[in-house]
Amino acid sequence: MVKLGVNIDHIATVRQARRGVEPDPIAAARICERSGCHSIVAHLREDRRHIQDGDVWKLRKAVKTRFNLEMSLQPEIVAIAARLDPDQVTIVPERRQEITTEGGLDVAANARRLQRTLKVFHRKRITVSLFIAPQSRQILACRDLGISMIELHTGRYAEAKTAAARKNEFAKLAAMTQLAQRLGMTVNAGHGLNYENTPAVARIPGMEELNIGHAIIARAVFIGLGRAVKEMLQLIHNAA
Ligand code: PXP
């Protein structure tokens, strides 16, 4: 079955609205894990708009499945991640003005910085995933850097305005999954996935894990986090 990683950033977004202590992202991670998710994802952004430094250290201790830290290539964040030693890091582009991660990494343009950063994580045996657009030039640039795991950006598929555009974006995701797999990479996907558009992505042959945040947390507001996670797992399971 395709795995589900739950991104809990927006639990912290609600907490930061009052700069208080609740809702607690660590309690949320425990509920997600008890409900069957396969990993917990949190993004320590440079501007600390949701997840805070203290959260990632607590998550490191509390997470029993796999802790996947999303992060930019900024040296301060790389240094924290290296000390933190999560199970996995997912490297994403980051711009302060954006509402959420808007595009994939330009792997070739960042090759030198990536090489330096990869050395740090490889030394610590931390799995590294790169968040990229479903484009062959990005996948080939990953191959050139010796990358073993990628996350395909599903934003354009999720936000497609017409059935034809969605079909086109879906075809790219399926083809790029196949290409990356042929090159020996583990393929994950995420961004903008919800209770309607996830099953098709879960059916892509070779897909390993889907990372989903906003839709699950939004649904949780109405039905509770445990049920929201279980519903998504059921959809993914039924899609297989
Ligand atoms: N994967 C990556 C790399 C992301 O940056 C995000 C957004 O933080 C997600 C998955 C989850 O996206 P969404 O919140 O739209 O489900």
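Residues numbered from 1 in each chain as written. Predicted model: local features only at pLDDT ≥ 70, side-chain atom pairs only at ≥ 80, totals over all residues. Heavy atoms only, no water.

This part takes up a positive patch on the surface. Together, Arg-112, Arg-113, Arg-116, Lys-119 and Arg-123 make up a region of like positive charge exposed at the surface. Within the secondary structure, Arg-116 is located in helix α5 (residues 111-123). (Patch = residues over 30% accessible without salt bridge, like charges linked within 9 Å, V, L, I, M, F, W, Y side chains within 5 Å. Areas by Shrake-Rupley, 256 points an atom, 1.4 Å probe, with all protein chains shown as cover. Salt bridge = Lys/Arg side-chain N within 4 Å of Asp/Glu carboxyl O. Lys, Arg positive; Asp, Glu negative; His and termini not counted. Charge placed at Lys NZ, Arg CZ, Asp CG, Glu CD. Helix = DSSP H or I, 4+ residues; strand = E, 2+ residues; numbered from the N terminus.)

This brings us to the pairing of strand β1 (residues 3-7). Most of β1 is tucked away, with four of its five residues classed as buried. Pairing of β1 with strand β2 (residues 39-43) involves three bridges; the strand directions are parallel. Paired with Asn-7 across the strands is Val-41, a residue of β2. (Buried < 20%, exposed > 50% of the residue type's maximum accessible area, 1.4 Å probe, protein only. Pairing = 2+ DSSP bridges.)

So, about unusual backbone geometry. Note that the residue after Glu-22, namely Pro-23, is joined by a cis bond; omega there is 0°. If you trace the backbone, Pro-23 turns up in the loop between α1 (9-16) and α2 (25-34). Residue Asp-85 is not a glycine yet carries a positive backbone phi of 60°. Relative to the elements of secondary structure, Asp-85 occurs in the loop between α4 (75-84) and β4 (88-91). Given a relative accessible area of 29%, Asp-85 falls into the partly exposed group.

Let us now look at the environment of Asn-194. Within the secondary structure, Asn-194 is located in the loop between β7 (186-190) and α9 (198-202). In this structure Asn-194 comes out as partly exposed when scored by relative accessible area, which is 26%. Sequence separation between Asn-194 and Gln-52 is 142 residues, and the spatial gap between their C-alpha atoms is 26 Å. When near neighbours in sequence (up to four residues on either side) are disregarded, Asn-194 contacts Ala-215 and Met-232. (Contact = heavy atoms within 4.5 Å.)

This structure, assessed with the given rule, holds 12 salt bridges. Between Arg-49 and Asp-47 there is a salt bridge whose closest N-O contact spans 3.0 Å. Since its relative accessible area comes to 25%, Arg-49 is described here as partly exposed. Judged by its relative accessible area of 28%, Asp-47 falls in the partly exposed class. For Arg-156, the salt bridge identified is with Glu-169, shortest N-O distance 3.6 Å. Of this pair, Arg-156 sits in helix α7 (residues 155-158) while Glu-169 is found in helix α8 (residues 163-182), placing the two residues 13 residues apart along the sequence. Take Arg-156: its relative accessible area is 60%, and that puts it in the exposed class. Given a relative accessible area of 8%, Glu-169 falls into the buried group. When salt bridges that share partners are traced, they join Arg-45, Asp-47 and Arg-49 into one network.

A word on the sheet that holds strand β5 (residues 127-132). With parallel pairing, the eight strands of this closed barrel are ordered in space as β1-β2-β3-β4-β5-β6-β7-β8. Direction aside, the axes of adjacent strands within the sheet are offset by 25° on average. Sheet topology note: the strand β6 (residues 149-153)/β7 ladder contains five bridges and is parallel. Bridge assignment links Leu-152 to a residue of β7, and that residue is Ala-189. Along the sheet, α8 makes contact with β6, β7 and β8 (207-212), crossing β6 at roughly 170°. (Axes fitted to C-alpha atoms, helices over the stretch in contact; angles between N-to-C directions.)

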